[in-house]
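Examining the three-dimensional arrangement
Below, each chain spelled out in residue letters.
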Amino acid sequence: MMKKRITGVCAALTLTGVLSGCGQKQPAHKTVYELSSVHEVSGRQGICTDGKDYWVSGSTTLARYDHDWNLISENTDPFRGYQIEVNHIGDIDIYLTGKKTPSIVL
């Protein structure tokens, strides 16, 4: 009984996906992306840029790279001074304050 229900749900979802595309025009061209280079960085959780430098967050690190991906600086203790327990940074963003150095939003 359960197998039939799952099969029915899958078939309904597939049919819905097919029918939802009916009547829509296909794009005139297909966008193709190509990997042009690879750069090893310290971190894998988030990345942001101000158009000049890149900031990369890891679980417990925050690193800054120049436009050629050379490491400028790295903070390996970004939670120092926090009053509450923090276990990772996660995604990050840039907040341009008009100062010489932008603020990183964690």
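Residues numbered from 1 in each chain as written. Predicted model: local features only at pLDDT ≥ 70, side-chain atom pairs only at ≥ 80, totals over all residues. Heavy atoms only, no water.

Topic: the overall build of the chain
The helix and strand tally for the chain stands at one helix and six strands. Sequence-ordered secondary structure for the chain, helices as α and strands as β, is α-β-β-β-β-β-β. Sorting the 106 residues of the chain into buried and exposed places 19% on the buried side. If you take every contact in the chain between residues at least 6 apart in sequence, the share linking residues at least 24 apart comes to 31%. When the accessible surface of the chain is split by element, carbon and sulfur atoms take 55% of a total near 9000 Å². (Helix = DSSP H or I, 4+ residues; strand = E, 2+ residues; numbered from the N terminus. Buried < 20%, exposed > 50% of the residue type's maximum accessible area, 1.4 Å probe, protein only. Contact = heavy atoms within 4.5 Å. Areas by Shrake-Rupley, 256 points an atom, 1.4 Å probe, with all protein chains shown as cover.)

What to know about the pattern of salt bridges
Any two side chains of opposite charge can pair if their charged atoms end up close together. A full pass over the atoms with the stated rule returns two salt bridges. Between R64 and D53 there is a salt bridge whose closest N-O contact spans 2.7 Å. Taken as a pair, R64 in strand β3 (residues 62–65) and D53 in the loop between β1 (46–49) and β2 (54–57) lie far apart in primary sequence, 11 residues in all. For the residue pair R64 and D53, the accessibility class agrees, reading buried in each case. (Salt bridge = Lys/Arg side-chain N within 4 Å of Asp/Glu carboxyl O.)

Things to note about the sheet that holds strand β4 (residues 71–75)
The sheet built from four strands is open, its strands ordered β1-β2-β3-β4 with antiparallel pairing. Edge strands, defined here as strands with exactly one partner in the open sheet, are β1 and β4. Strand-to-strand twist in this sheet, taken as the mean axis angle between neighbours without regard to direction, amounts to 15 degrees. Here β2 runs beside β3; their pairing, made up of four bridges, is antiparallel. Paired with W55 across the bridge in β3 is R64. (Pairing = 2+ DSSP bridges. Axes fitted to C-alpha atoms, helices over the stretch in contact; angles between N-to-C directions.)

Considering the pairing of β2
In terms of strand pairing, β1 meets β2 through four bridges, oriented antiparallel. Across the sheet, the residue bridging to G46 is S57, located in β2. Count of turn residues in the β2/β3 antiparallel hairpin: four residues.

Quick look at the environment of I92
By the element assignment, I92 lies in the loop between β4 and β5 (93–95). Residue classification places I92 among the buried positions, given a relative accessible area of 6%.

Things to note about the environment of R64
Separated by 10 residues in sequence, R64 and Y54 have C-alpha atoms that sit 5.7 Å apart. Of the polar contacts made by the side chain of R64, one reaches the side chain of D53; its length is 2.7 Å. (Polar contact = N/O pair within 3.5 Å; in protein donor to acceptor, adjacent residues only side chain to side chain.)

Brief notes about the confidence of the model for the chain
Residues shown with low pLDDT carry predicted positions that ought not to be read at fine detail. When the pLDDT values of the chain are averaged, the result is 73; 63% of them are 70 or greater. Across the chain, element-level confidence peaks in β4 with a mean pLDDT of 91 and bottoms out in helix α1 (residues 2–20) with 46. pLDDT under 50 marks residues 1–16. Its contacts with residues more than four places away, or in other chains, come to zero contacts. (pLDDT = per-residue confidence, 0-100.)

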